[in-house]
Amino acid sequence: MTTHGGNPMDSGDLAELALLLRAERPEPDAGWAARLDQRAAAGFPRGGGSGGSRRPSRRPGGWMAPAGGLAALLLVVVVVAVNQGDSTTGTSDSASSSDAALSTTVAPESSGESFDADGEMIPFQRDSAGAADLSYGTLDARRAAKIAPGTENRRVDRDAQLTLSAQPDDVRGVSDEVISITRSLDGVVENSQISETKDGASATLQLTIPTRNLDAALDRMTELADVDSLNETATDITRPVVDAKDELRDANARRRELLQALGNATTTAEADALEQQIADARKDIARAEAAYEKITLKARLSSLDVTVQSNPEASSQRTIGDWLDDAVDVLRTLAGVLLVTLAIVVPVALIAGIVAFVVSRVRRRRRERALDA
Amino acid sequence: MQQVATAPREATAPPSALAFDDLYRTSRDDVYAYVAGLLRDSHAAEDVTALAFERAYRRRRRFDPRRGNGRAWVFAIARNAALDELRRRKRTASLLADPEDLEGADPGDESDAALRRAALRSALARLELRDRELIALRFFAGLGNGEIAEVLGISASNAGTRLNRAVDKLRKEMA
């Protein structure tokens, strides 16, 4: 006697039921089976065929192409981002590790007073005569534009002189590199002279480089050859800039007063005299504008004089230290790429895994529901 | 190639690239019998069986023998395809009831055995799908309790209990 679901069942009945069920086993059509055998032998070629499914099967792994593309795109973004970050930090590192004789002179002209140095921060309009009107700014704007005695918003005039030593055969190449660096940093080569004699070669280059790029230029140029000397001069010109701007504003105000007086003139002689003064005022405004432009230009552009001298004793070949530095840089870059990649890939993979798990569970439940009546 | 499974088979070798042919050859008719018993539609069973083996062939390298035997793996794929077919039927609602597959029935045969076969078919048709699936896996496909458990994703003891209940229900339907 066998028990099924708590009900007694005769083993003979069970055996008979089993035999009956096996006799009722569905058998496939011989033609269909033969066609499926052929497809199986051919490795189930795509596109269906005899014995195959009449419905198109969804291609397994079809999602892998877009996912792979996305992953590749992410990797490219990571590599580019890391390389950009590394190039910025790398140049500053190399500059700080330079053992060249550096002498920097900073000569501030002010002693920390608070200046009304709004300068370019307050827009000015030009009247029909072409004169600038710096009194345009509102009081609030002027107050906001006042600068503190700190380093922000101060105007500094920077200049530098760099002397490099290179093997006689390398002087021209180093000079070309200097020019290339200058152009890549939005600079201009004002003058360049390269002389080659049988005793040696030398080059002199006068460069103008945007002040914001001066440090980067020096960092890169000091890598080109041995540095004999590097002199930097930084002069705080905030006071002259403010003075020039004040002078321009005063000249403009004076002209405006004269124009007002001209409107109130009662006699021809008085009007003639005022017109003469207005003409003088216009000249003063032009002079003040030119002075202002000149002084602000000093803050925006720096002059850099580079001299490349030939020296047979200059190092021409890379040392083991240089190779080690490069190796460390490469390893650092690779580690950065790996770290950033992991920082992106790990959370993405985690989220993808959770999503895949949830989707799998939902799909399984939906399938199981098909068995419910 | 026709064969009738009359007893649960031992676990077969994993369907590696080389073993897939063996797996196909020994499982084709059993898979068809299971799917046809579940769907009670021979044409749909042919489609689903072909689709299942095609999917198994494409995924054969992803099969991990440590997670189960190849036969249960193929049946699990076939089960998913069969359930998808059932869902599709429910969505389209074109088939409100299972089509009666009368193949093999002989209305003129009124012998005792024929009557019992007719009673069995009728009872199978009235059986819930979950119970009919267990009957199909055990008696049509010849799977053992362990393999049924792998296919359904449940424990072997649970599979045995469910199977016993399904057989009991079938007997009651036949009574």
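Quantities reported herein were computed from a predicted structural model and do not represent experimental measurements.

Draft legend 1. The overall build of chain A, seen in detail. When you go through chain A residue by residue, the secondary structure sums to nine helices and ten strands. Taken over 373 residues, chain A has a buried fraction of 31%. For chain A, the share of sequence-separated contacts (at least 6 apart) that also reach a separation of at least 24 residues comes to 76%. By element, 55% of the accessible surface of chain A is carried by carbon and sulfur atoms, the whole surface being about 22,500 Å².

Draft legend 2. Main features of the overall build of chain B. Counting secondary structure elements, chain B contains seven helices and zero strands. Beginning at the N terminus, the succession of helices and strands in chain B can be written as α-α-α-α-α-α-α. Burial statistics for chain B: of 175 residues in total, 51% are counted as buried. Across chain B, the fraction of contacts at a sequence separation of at least 24, relative to all contacts at a separation of at least 6, is 71%. Accessible surface computed for chain B: about 8,100 Å², of which carbon and sulfur atoms make up 49%.

Draft legend 3. Structural detail: the packing of aromatic side chains. All names here are of chain B. Counting across every chain of the model gives seven aromatic pairs over all chains. Plain terms: the ring middles of Phe20 and Tyr57 are 5.3 Å apart, the flat faces sit at 70 degrees to each other, and that makes the pair edge-to-face. Taken together, the residues Phe20 in helix α1 (residues 20-39) and Tyr57 in helix α2 (residues 42-58) connect sequence positions 37 residues apart. Note on accessibility: Phe20 and Tyr57 belong to one class, buried.

Draft legend 4. Just the nonpolar core, in detail. If you look at the biggest cluster of nonpolar residues, it comprises 66 residues, and the most contacted ones within it are Leu21 of chain A together with Val35, Ile135 and Leu170 of chain B. If sequence neighbours within four positions are ignored, Leu170 of chain B has contacts with Leu17 and Leu21 of chain A together with Leu120, Ala123, Leu124, Leu127 and Ile135 of chain B. Membership of the second largest hydrophobic core comes to 25 residues, among which are Leu164, Ala166, Leu185 and Met221 of chain A.

Draft legend 5. Seen up close, the pattern of salt bridges. For the coordinates displayed, the defined rule picks out 34 salt bridges over all chains. Note that Glu54 of chain B is salt-bridged to Arg39 of chain A, the shortest N-O span being 3.0 Å. Of this pair, Glu54 of chain B sits in helix α2 while Arg39 of chain A sits in helix α2 (residues 30-41), placing the two residues on different chains. For the pair Glu54 of chain B and Arg39 of chain A, a shared accessibility class is recorded, and that class is buried. Here Arg126 of chain B ties to Glu173 of chain B by a salt bridge, and the two come within 2.8 Å at their closest N and O atoms. Of the two residues, Arg126 of chain B is situated in helix α4 (residues 112-126) and Glu173 of chain B in helix α7 (residues 156-174); the sequence distance between them amounts to 47 residues. With relative accessibility at 46%, the residue Arg126 of chain B sits in the partly exposed group. Shared partners join several salt bridges into a network, and the residues in it are Arg25 and Glu27 of chain A together with Asp30, Arg71 and Glu147 of chain B.

Draft legend 6. Representation of the interface of chain A and chain B within the structure. In this complex, chain A contributes 44 residues to the contact, which on the side of chain B involves 59 residues. The contact between chain A and chain B buries some 5,000 Å² in all, and 55% of this surface belongs to carbon and sulfur atoms. Of all residues in chain A, Arg25, Arg367 and Leu371 of chain A bury the most surface against chain B, accounting for 15% of the area lost on that side. Run the count over chain A and chain B and you get ten salt bridges.

Draft legend 7. Geometry of the packing of helix α9 (residues 320-369) of chain A against helix α3 (residues 70-92) of chain B. At a closest axis distance of 8 Å, the pairing of α9 of chain A and α3 of chain B adopts a crossing angle of 65 degrees. When the interaxial angle is binned, α9 of chain A and α3 of chain B end up roughly perpendicular. Our pair here, α9 of chain A against α3 of chain B, has a crossing hand that is left-handed. Contacts from Arg366, Arg367, Glu368 and Arg369 of chain A in α9 of chain A reach Arg79, Asn80, Leu83, Asp84, Arg87 and Lys90 of chain B in α3 of chain B. When the residues that make up the contact of α9 of chain A with α3 of chain B are grouped by side-chain class, the tally is one nonpolar, one polar and eight charged.

Draft legend 8. Representation of the side chain of Asn69 of chain B in the model. Here Asn69 of chain B lies in the loop between α2 and α3. Among the polar contacts made by the side chain of Asn69 of chain B, one reaches the main-chain amide nitrogen of Arg71 of chain B at a distance of 2.9 Å.

Draft legend 9. Just the pairing of strand β10 (residues 301-310) of chain A, in detail. Residue and element names in this part refer to chain A. Note: strand β6 (residues 156-166) against β10, eight bridges, orientation parallel. Bridge pairing in β10 places Ser165 opposite Gln309. For strand β8 (residues 200-210) and β10, the ladder comprises nine bridges, and the chain directions are antiparallel. Within the sheet, the bridge partner assigned to Thr208 lies in β10 and is Ser303.

Calculation rules
Numbering of residues begins from 1 in every chain and follows the order in which that chain's sequence is written. Naming scheme: in the order in which they are written, chains are lettered from A and ligands are numbered from 1. In keeping with the model being predicted, local features are shown solely for residues with a pLDDT of at least 70 and side-chain atom pairs are shown and tallied solely at 80 or more, while totals for entire chains, interfaces and linings include all residues. To get the side-chain values, take all heavy atoms of the structure and skip hydrogens and water. Put simply, DSSP marks the helices as runs of H or I at least four residues long and the strands as runs of E at least two long, and each gets a number from the N terminus on. Throughout, exposure labels follow a simple rule: accessible area from a 1.4 Å probe, protein chains only, divided by the maximum for the residue type, with under 20% read as buried, over 50% as exposed, and the rest as partly exposed. The contact criterion used throughout is that any non-hydrogen atoms of two residues lie within 4.5 Å. Accessibility throughout is a Shrake-Rupley quantity obtained with a 1.4 Å probe, and a residue counts as covered only by protein chains that appear here. Between the rings of Phe, Tyr and Trp (Trp by its six-membered ring), a pair exists once the centres lie within 6.5 Å; its type follows the angle of the planes, with under 30 degrees stacked, over 60 edge-to-face, and the other angles tilted. In this text, buried Ala, Val, Leu, Ile, Met, Phe, Trp, Tyr and Cys residues form a nonpolar core when linked through side-chain atoms within 4.5 Å. A side-chain nitrogen of Lys or Arg and a carboxyl oxygen of Asp or Glu constitute a salt bridge if their distance falls within 4 Å. Buried area: the accessible surface (1.4 Å probe) lost by two parts on joining, summed over both. Fitted lines through C-alpha atoms serve as axes, helices being fitted only where they are in contact, and the angles separating the N-to-C directions of these axes extend from 0 to 180 degrees. When describing relative orientation, an angle under 35 degrees is termed roughly parallel and one over 145 degrees roughly antiparallel, while 65 to 115 degrees is termed roughly perpendicular and anything else oblique. Two helices crossing with the near one rotated counterclockwise from the far one by less than a right angle form a left-handed crossing, whereas a clockwise rotation gives a right-handed crossing. Ten residues, namely Ala, Val, Leu, Ile, Met, Phe, Trp, Tyr, Cys and Pro, are considered nonpolar, four, namely Asp, Glu, Lys and Arg, are considered charged, and the remaining ones, Gly among them, are considered polar. Side-chain atoms alone can form a polar contact between residues adjacent in sequence; in general such a contact is a pair of N or O atoms within 3.5 Å, and within protein one must be able to donate a hydrogen while the other accepts it. For two strands to pair, DSSP has to find at least two bridges joining them.

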